[in-house]
Structures are given as C-alpha cells and as structure tokens.
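Commentary on secondary and tertiary structure
This is what each chain is made of:
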Amino acid sequence: MSGRRRGPRAGDAPYGEPGKKRDKRELRGEFSAAIKERALREKAAAAWGHRDSLSHEAIAVDPVPFSHCVIPNFIQCSGFLDGLREELLGLDFHEKCNDLYKFKQSDDLRERKEPHISALRKVLFEEFREWLSVVTQVELEPTVDLSCAKYEYTDALLCHDDELEGRRIAFILYLVPPWEKGDGGTLDLYSTDGHFQPQQVVKSLVPTWNSLVFFEVSPVSFHQVSEVLTKGKCRLSVSGWFHGLSVARPPRYIESLLPRSPHIPYDHEILQEWINPVYLSMNSQAQIQEEFEERSEILLKNFLKGEKFQLVCEALQKEDIKWSSRGPPNKRYYHRAEEGSLPDILRRSLEFFRSEALFLLLSNFTGLKLHFLASSAEEEEEEEEGRAADCAGHSSSKPKQGESSQEADSNADHVELPEHAPPSGEGSSVPMCMGELRHWTNGHYTLVHDTQVTEFALDLLFFCGCEDWEAEYGGFTAYIAKDEDEELLTVNPENNCLALVYRDKETLKFVKYVNHCSLERMEKHPSRAGFWDFSFVYYE
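Residues numbered from 1 in each chain as written. Predicted model: local features only at pLDDT ≥ 70, side-chain atom pairs only at ≥ 80, totals over all residues. Heavy atoms only, no water.

As for the overall build of the protein chain
Note the threshold: Helix and strand assignments follow DSSP, with helices taken as H or I runs no shorter than four residues and strands as E runs no shorter than two, numbered in order from the N terminus. Whether a residue is buried, partly exposed or exposed follows from its accessible area with a 1.4 Å probe, protein chains only, as a fraction of its type maximum: under 20%, in between, or over 50%, in that order. Whether two residues are in contact is decided by their heavy atoms: any pair within 4.5 Å suffices. A 1.4 Å probe and the Shrake-Rupley method give the accessible areas. Residues count as covered only by the protein chains that appear here.
For the protein chain, the helix and strand inventory stands at 10 helices and 24 strands. Looking at the protein chain as a whole, 50% of its 540 residues are labelled buried. Counted over contacts in the protein chain with a minimum sequence separation of 6, partners at least 24 positions apart contribute 78%. Only carbon and sulfur atoms are counted for the fraction: they give 48% of the accessible area of the protein chain, which is about 26400 Å².

Thoughts on a negative patch on the surface
As a reminder, the rule being used: Patch membership requires over 30% relative accessible area and the absence of a salt bridge. Like charges are linked within 9 Å, and nonpolar side chains (Val, Leu, Ile, Met, Phe, Trp, Tyr) within 5 Å. Salt bridge, as used here, is a side-chain nitrogen of Lys or Arg placed within 4 Å of a carboxyl oxygen of Asp or Glu. Positive charges come from Lys and Arg, negative ones from Asp and Glu, while His and the chain ends are left out of the count. For this purpose, a charge sits on NZ of Lys, CZ of Arg, CG of Asp or CD of Glu.
Where like charges cluster on the molecular surface, the negative patch consists of Asp483, Glu484, Asp485, Glu486, Glu487, Asp504 and Glu506. With respect to the helices, strands and loops of the structure, glutamate 484 is situated in the loop between β20 (477-481) and β21 (487-491).

Here we look at the nonpolar core
For clarity, the cut-off: Nonpolar cores were defined as sets of buried Ala, Val, Leu, Ile, Met, Phe, Trp, Tyr and Cys residues, with membership established by side-chain atoms within 4.5 Å.
Of all hydrophobic cores here, the largest spans 48 residues; its most connected members are Ile71, Leu88, Phe128, Trp131 and Phe214. With 10 residues, helix α4 (residues 115-136) is the largest single contributor of residues to this core. Setting aside chain neighbours within four positions, we find isoleucine 71 in contact with Ile35, Ala58, Ile59, Phe128, Trp131, Asn210, Ser211, Leu212 and Phe214. Within the second largest apolar cluster, 45 residues are counted, among which are Ile288, Phe359, Leu368 and Trp532.

Focus: the packing of helix α6 (residues 282-295) against helix α9 (residues 356-366)
In a pair of packed helices, the angle between the axes and the distance between the axes together describe the arrangement. This is how the line gets drawn: Axis geometry follows a simple rule: fit a line to the C-alpha atoms, using only the stretch in contact for helices, then measure angles between N-to-C directions, giving values from 0 to 180 degrees. Between 65 and 115 degrees an angle is taken as roughly perpendicular, under 35 as roughly parallel, over 145 as roughly antiparallel, and anywhere else as oblique. Think of it as three bins: nonpolar holds Ala, Val, Leu, Ile, Met, Phe, Trp, Tyr, Cys and Pro, charged holds Asp, Glu, Lys and Arg, and polar takes everything else, Gly as well.
For the pair α6 and α9, interaxial distance at closest approach is 6 Å and the crossing angle is 60 degrees. If you check the angle between α6 and α9, you find them oblique. Side by side, α6 and α9 meet where Gln285, Ile288, Gln289, Phe292 and Glu293 of the first sit next to Leu361, Ser363, Asn364, Phe365 and Thr366 of the second. Among the residues forming the contact of α6 with α9, the class breakdown is four nonpolar, five polar and one charged.

Regarding the pattern of salt bridges
Within this structure, the stated rule accounts for 33 salt bridges. Measuring nitrogen to oxygen at the nearest pair gives 3.7 Å for the salt bridge that ties glutamate 255 to lysine 331. Taken together, the positions of glutamate 255 in the loop between β13 (235-243) and α5 (269-274) and lysine 331 in the loop between β15 (323-326) and β16 (332-337) put the pair 76 residues apart, joining distant regions of the chain. Judged by relative accessible area, which is 4%, lysine 331 ranks as buried. Here aspartate 533 makes a salt bridge to arginine 438, at a shortest N to O gap of 2.9 Å. Residue aspartate 533 is located in strand β24 (residues 531-539), and its partner arginine 438 is located in strand β17 (residues 432-440); the two are separated by 95 residues in the primary sequence.

Thoughts on the confidence of the model for the protein chain
Filter applied, for reference: The predictor reports its confidence for every residue as pLDDT, a score running from 0 up to 100.
Residue-level pLDDT values for the protein chain average 88, and 85% of them are 70 or greater. Throughout residues 1-24 the model reports pLDDT below 50, and contacts reaching past four residues in sequence, or to other chains, amount to 27 contacts. The low-confidence segment residues 423-427 (pLDDT under 50) makes zero contacts with residues lying over four places distant or belonging to another chain.

Quick notes on the pairing of β21
For the record, the criterion: The rule for pairing is simple: two strands pair if DSSP sees at least two bridges between them.
Pairing of β20 with β21, which is carried by four bridges, proceeds in the antiparallel orientation. Paired with threonine 477 across the strands is valine 491, a residue of β21. In this antiparallel pair of consecutive strands, β20 and β21, the connection spans five residues, and aspartate 483 shows a positive phi of 65 degrees.

Quick word on the environment of glutamate 130
With respect to the element layout, glutamate 130 can be found in helix α4. Taking C-alpha positions, glutamate 130 is 9.9 Å from proline 142, a pair spaced 12 residues apart along the chain.

What about the packing of helix α3 (residues 78-89) against α4?
Heads up, the condition is: The crossing is said to be left-handed when, going from far helix to near helix, the turn is anticlockwise and less than a right angle, and right-handed when the turn is clockwise.
The contact between α3 and α4 brings their axes to 8 Å, and the two run at 115 degrees. Relative to α4, the element α3 lies roughly perpendicular. The hand of the α3/α4 crossing is left-handed. On the side of α3, the interface is formed by Phe80, Gly83, Leu84, Glu87 and Leu88, while α4 contributes Pro115, His116, Ile117, Ala119 and Leu120.

Spelled out as structure tokens, the structure:
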C-alpha cells in the first residue's frame, strides 16, 4: 500500500461545492467561481449591455470591433482539463477542407459518453448557459452545438460571420500548449464598413490554455482563425454555438462586378505575334474543339511563344507596378494590377486577351459563339438538317462539328477576320469579356459566397511564375457544384499554360488559400513570391 496521497479524483469536493456529498462515480467540472460572484457578473452584464469595456483578472469584455468576452481561467481544476484533453485527442477526427477552411473536426460531442466530455457538456449546457443568458440579456435555448477542432501547420479558417439560423452566441474553449502570436492560429476580429462588409483585422486574440472566448453572432461578427505557422503545435479547442432567436439582418450587399467590354479590333497578326504556331493550324483547332466539347475544359501547354512568355515574366517582376488589394475578405483577398502602372509588354498582353482575333480563336477552340463569324450550336443543327434535305447534292460551306468556324476547305494557318464587322445591333447579343492581371502569394484566396453570380461563361486562366509550384501550396482554382463541397475540376498553376473551362449556372469556383508552405519555394526561386495569372471570363 502506497503512502503517497492521491490527488483529487472525479467526484471529489474540489470539483463542486465543499462538503456536498455526491456519487463518486460522477465526474463534475466547475467553471470560474470569480465570474459567478454577483458583483462581477453584474459588472460584466452592464459592460455588455452598454457596449463598454471591462478589464478584470477573471474576465474581459470589449465592444470593439463587436462585443466579445474573454474568460482567462474558465475551468477551475487543471486536473480536469488534462483528462478532458486526453479524451478529446482520443476521438476520431475528420479532415475538413473547402474554400473557407482546412482543419480537423470531431463528430458532434452532444452524445459522447466519455466522463470529462460529459462533465464539460453539463457545465456549458446548464450553469454556464444560464450565466451567459444573464450577462448578454439573450434568452438562450437548451440547444447547443458542440465539437472539437484541431488546427495544425497551415490549417486556417478564413473570414466569415458565423450567421446561421438560430445561432446567437459563439464560444471557443482553448486547450493549447504554450502559444505565441508568431505561432499563428489567432482569433482575428474584423472591422466592418457601412454595408456590413468586413474591412480589416483590428484585434487578434492569441489562444491560451483554459481560456474561453464568446461573442454574439450578428451581421458584423466577422472573424477568422489565422493560419497556424508552427510545425508540431496543435491548436486544440472545443467550440460551438448557443441558440436563440436570430438577430434581424440587413439585406445582403450586392457589390459591383468588374466591367465587361466587347472585343477590341486586332486582326490575326496579333495571334501570330504572340501564340505558339502549333495552336494556329486548322487541324489543331479542330482537335482542341473536339476535346473541349467532350470535357468542357482543356489545358494548352506552351501557349505563348517562348520569347514573348519570357518578356512577360520579366516585366511582372518590375517594382514600379502598382498592385491593389481586392476584397472584401469574406469573398476574396488577392492583389490586382492597376493597368495604368503596367509596362508596355503587359498592357499589350491584356490587349491580346481582349482582341477580336482571340475571341474568334477561342470560338474555334471551344465551339462557342464568341464572334459573329462563329457558328452557334443551333446554327450547326440547322446546317445538318439542311445537308440532310439537300437531295440535289449541293454542299454547304459551313464547317462540320469539330472543324474551325471558318470555311472547311481553308488551308490558312491563322485566323482570318473580315475588314468590317456587322452593323451594330445585328445578332441577338454581343460577346463580351472581363479580366484582370492578378498576383497570388501567401494569405491570398477567393471564396464561394451567397451573392456570387452564376451564369454560362468561358473561364480563361493563363499562368506565369509557377516554377516548382506544388498543389499543397494552394493557389489552384477549384470548380464545385452549387451546394456541394466535392470538387468537379481543379486547375493547378503551370507556367505558360492556358486553361479554358466552360461553366454553367450550377457551377461555382474559388482559388484555394495560398498557405505558408509556398514560402519554402523561395529557397529555389528567391524572386518568386507566389505567381501571377491573367484571369478572363468570356460571354457569348
């Protein structure tokens, strides 16, 4: 028999009220006795209700940028926390990865039978919920969402507001090792503008062992979990939402789209100047169109002439190019070139992508009607019917399916344009495009969002500066079906490659967050912080 005294066990008095008898098989957890004291609870409630600050060693309330609260030592007994952490790490975790986040999450903890998890659930769902309802003056329902999350190296949760029907108070309990701001994984809070759109991070909360953070879910509660930057550290937390009557939210702000424009008049000589000659032959164009019509996407390697591509890459590294950030961060964050600051070769690159000759070439590549010379699917069906009905043996001068949109018997190795376009107003619509030159580096992304426009369109991506770029860095463009997370198609950055993707009204796209691993590539390419792409969208 050992003479060593045992520490407190499950069901012993330190976990509950002194002297109170209870079943020793029952494990109890207690949250901070200090914040349960009436005087401090009333101070916290007054600060929350009047949007004032409160700074106390047991609790901190801050209304900026939106009301939130930090309780530094939430659970009273460290022995309980050690047991809780051990149980949580023993759970099965599922990889969660889409446009918005990458981390590992447990199943719902509401039905777990492990003693420490059950005890924590009892604390949160009962006594703490009552305390929280008094402090926030929000009537909270018994329903509580609860799960465990692990964020490890390069994991992140990007800018969002947590708004979902019934969610009223969000909370996070941290069970992390010693943690510093340089480790990443901070809870970043955003300011908002007059349209209730997030602007920038104005406060970062570093996770600490046994601290609990909560805030009210509202139209301005934009926040993120910044990328974890340290290998070997695990940002373990228990989090969820208390439910209640939802706050009324204003109509969602609809932002202005990038301007669309018709082609600019350049003839086939611009194609001969820029494009690898292999893509200008009629046979190549017919083969490309056949493949594209089968798959709705294609990747054309070594698209530009080598010398042109080299000049473009060199120009992209010039320091006098002005790059502006494009947001808001709940929808996107990357750098876009200001066209007025571009050197001549890059301005001419943009003109090339907007040129009439390229519109027609893209028609030949895809079978889409992006030029009045290109035949539509309906016109081709009519041609087929006409040929079938032509008993006299007359031949049609229109190309067959899979051939170029020019005369089928043409032997030309380039795209010919007429001297004059048809008068304005002829045809049902005018093909249009919109585009920009973008720079992608660590921290950049785009997100699928509620106000994203979905329509039939042809996406064009042309990549530069992608030497040794790995898929694990992010930066790839993913296409998904509406209301689904499963990726239909992924386009990875690849030097001097032109990607064409046709999407319909049920298809959404995003650029995956470029993570910290991408910086390792600079050991091989010191001047390559990320990569560039020309991103264009064409409409029939």
